[in-house]
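# Architecture at a glance
Chain residues, written in single-letter form:
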Amino acid sequence: MTSRQVIVAGVGHTAFGRLTGRTALDLETEACRLALRDAGLAPGDIDGLITDPGPAQGVLQGIEPHYVRLGRTLGLAPDFAGTELLGGASSVSSIQRAAMAIGSGLCSVCLCVYGDMALSTEGSFAYPRGEEAAFGFFGATGLHALAARRHMARFGTRREHFAEVAIAARAHAARTPHAQLRTPLDIDGYRASRMIAEPLCLADCCLVSDGAAAVVLCAADRTAGLPARPVRVLAHGQAHSLGTFSNPEHFDTLPAARCGPVTLARAGLTAGDVDVAMLYDCFTIVVLMQLEAYGFCKPGEGGDFVTGGRIGPGGALPVNPSGGLMAEGYGGGMLHVVEAVRQLRGTAEGRQIAGAEIALVSGHGLAMNTHATLILGR
Amino acid sequence: MTRPARPESPVAASVETVAGLEAAACRACGKLFLPVAPVCPDCWSNRIGRRRLSGRGEVATFTIYRQAYDADFPPPYVLAVIALREGPRMVSNVIGCAPESVRVGMKVAVRFVARGDRILPLFAPDVGAADPDSTRTDEENQRD
């Protein structure tokens, strides 16, 4: 797919949580500094910059795009630059865009950055949903509740199945020192969680966070002498469903059903080869739908698949071993990439998946319109 | 952060001038679609007319909002995707019944409701649809 092999050379991130007094720009530069140090590179080595401004900054870009503000602050004059606009798929798509640019020879060392003050910015996730706000359609939870209700009606999926996803995420996060939400959750705690938009309760929703994360991608021919064990970009893909809510399929399937299996096949893999599944987990239902879309189980069987702790620590398919958006922190999807890299390097410490060789990272965004898939390998 | 103003609904805008629910109708291929748009999403023809719909359909999916997002929408309220009998689907509210009684597949009929300075197409349980002879007119139903 690409003419030059692309390597993840460095990763870095700030704390995640409520970071009063910080700014998104401040956090982004910290994440970049950490990722560059991890890569063993210097600012002058960077010749590409792709950014994901997150939900709060995304609507505030105005006439100055996010990459311009960050690039100017970092003193960059890159050969390739841009800002992704795929909602929650933007972090993964930033990696894709960087990999394509490096593969095509447009740049050689590309910085991919997510950052936002989403928790400290009031109403980050309470936005009106276009024209349908006339009917009280606000935020992301109500939208995904429509998909959750369809899944329950079509397949008999129960709230206990959603709970399995939330409980697994919290169990993973308990083993992740930097996670924002490390207290365990059990089924009683899940049932006590207040309803936001039925059938989704607060425990079905991911966190909202202040924080930033950055990843340095590098052409393989530039990695001689770099300190970290290289992680290879094996394949990537996208699929989008841009139709209106009038599309009868809209709440039943994700675009992942198209790009997921295809992207795995491009790397010569199937779902069964995946050791680390970093699935975009904005809501519990989206994890179930992705397990089905990627072929980890059949359509409609996501609920049964996650039952019994299968995606939790020590399960047959640990999903988001860092805790993901639900418990590690809302990192746009870039933290998912960071964790995949750590697992493949073998540096995930107390949560390391033994012998991890293949990682799948997904991004899902907007009104369930966008999906991006990234396959990384040791 | 300044929240963006809530835009007008083209669905709502289209019904303020007519007596019933309408969909866009492609004059080239016959496709019926919502919301009204300047081009047919199937064949890209720009010869788009309007067609009056029955206003009947069923709940394809729904959620009960329990958290307040906006002062104009105190919870609980039911946001639903309505599958109209003629094919198009639209986002709306289910009213006229307890939120807890709404089900996927429930038959509903349009009810125009003034909300602020606008008239919106909302949906209420369709009592007539429960009757095997669903071709009866509204007038006949009212005699029951």
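Our subject in this report is the structure included herewith. All figures in this text were calculated on a predicted structure; none of them were measured in a lab.

### A word on the overall build of chain B
Looking only at helices and strands, chain B has two helices and eight strands in total. Starting at the N terminus and ending at the C terminus, chain B contains elements arranged as α-β-β-β-β-β-β-β-β-α. Here chain B holds 144 residues, and the buried ones make up 33% of them.

### Remarks on the sheet that holds strand β2 (residues 32-33) of chain B
Residue and element names in this part refer to chain B. The antiparallel open sheet is built from three strands, whose spatial order is β2-β1-β3. Edge positions in the open sheet fall to β2 and β3 (48-52), since each of these has one partner strand only. In terms of strand pairing, strand β1 (residues 22-26) meets β3 through five bridges, oriented antiparallel. Bridge pairing links A23 to R51 in β3.

### A few points about the interface of chain B and chain A
Chain B puts 34 residues into the contact, and the matching count from chain A is 33 residues. Elements with a minimum of two residues in the side of chain B that touches chain A: α1 (10-15), β4 (56-65), β5 (77-84) and β6 (89-94) of chain B. Among the residues forming the side of chain B that touches chain A, the class breakdown is 22 nonpolar, six polar and six charged.

### Comments concerning the environment of A:G142
In this fold, A:G142 is placed in helix α5 (residues 141-155). In this structure the C-alpha to C-alpha distance between A:G142 and A:A9, which are 133 residues apart in sequence, comes to 39 Å. Setting aside its immediate chain neighbours within four residues, A:G142 contacts A:F137, A:A197, B:T63, B:Y65 and B:L79.

### Description of helix α12 (residues 334-345) of chain A
All names here are of chain A. When the terminal C-alpha atoms of α12 are compared, their 17 Å separation across twelve residues agrees well with the 16 Å that a helix rising 1.5 Å per residue should span. The buried fraction of α12 is high, at eleven of twelve residues. M334, L335, H336, V337, V338, E339, A340, V341, R342, Q343 and L344 are the residues of α12 that are buried. Following α12 by one or two positions, G346 has its phi on the positive side, about 85 degrees.

### Quick word on the packing of helix α1 (residues 24-39) of chain A against helix α3 (residues 66-73) of chain A
All names here are of chain A. Direction vectors running N to C along α1 and α3 enclose 60 degrees, while the axes themselves pass 10 Å from each other. Our classification of the angle between α1 and α3 gives oblique. Seen along the crossing, α1 lies across α3 with a hand that is right-handed. Within the contact between the two elements, α1 uses L25, E28 and T29 and α3 uses R69, L70 and T73. Residues belonging to the contact of α1 with α3 are distributed by class as follows: two nonpolar, two polar and two charged.

Criteria and thresholds
Residues numbered from 1 in each chain as written. Chains lettered and ligands numbered in written order. Predicted model: local features only at pLDDT ≥ 70, side-chain atom pairs only at ≥ 80, totals over all residues. Helix = DSSP H or I, 4+ residues; strand = E, 2+ residues; numbered from the N terminus. Buried ≥ 20, exposed ≤ 12 C-beta atoms within 10 Å, placed from the backbone. Pairing = 2+ DSSP bridges. Contact = placed C-beta atoms within 7 Å. Nonpolar A, V, L, I, M, F, W, Y, C, P; charged D, E, K, R; others polar. Expected span 1.5 Å × (residues − 1). Axes fitted to C-alpha atoms, helices over the stretch in contact; angles between N-to-C directions. Parallel < 35°, antiparallel > 145°, perpendicular 65-115°, else oblique. Left-handed = near helix turned anticlockwise from the far one by under 90°.

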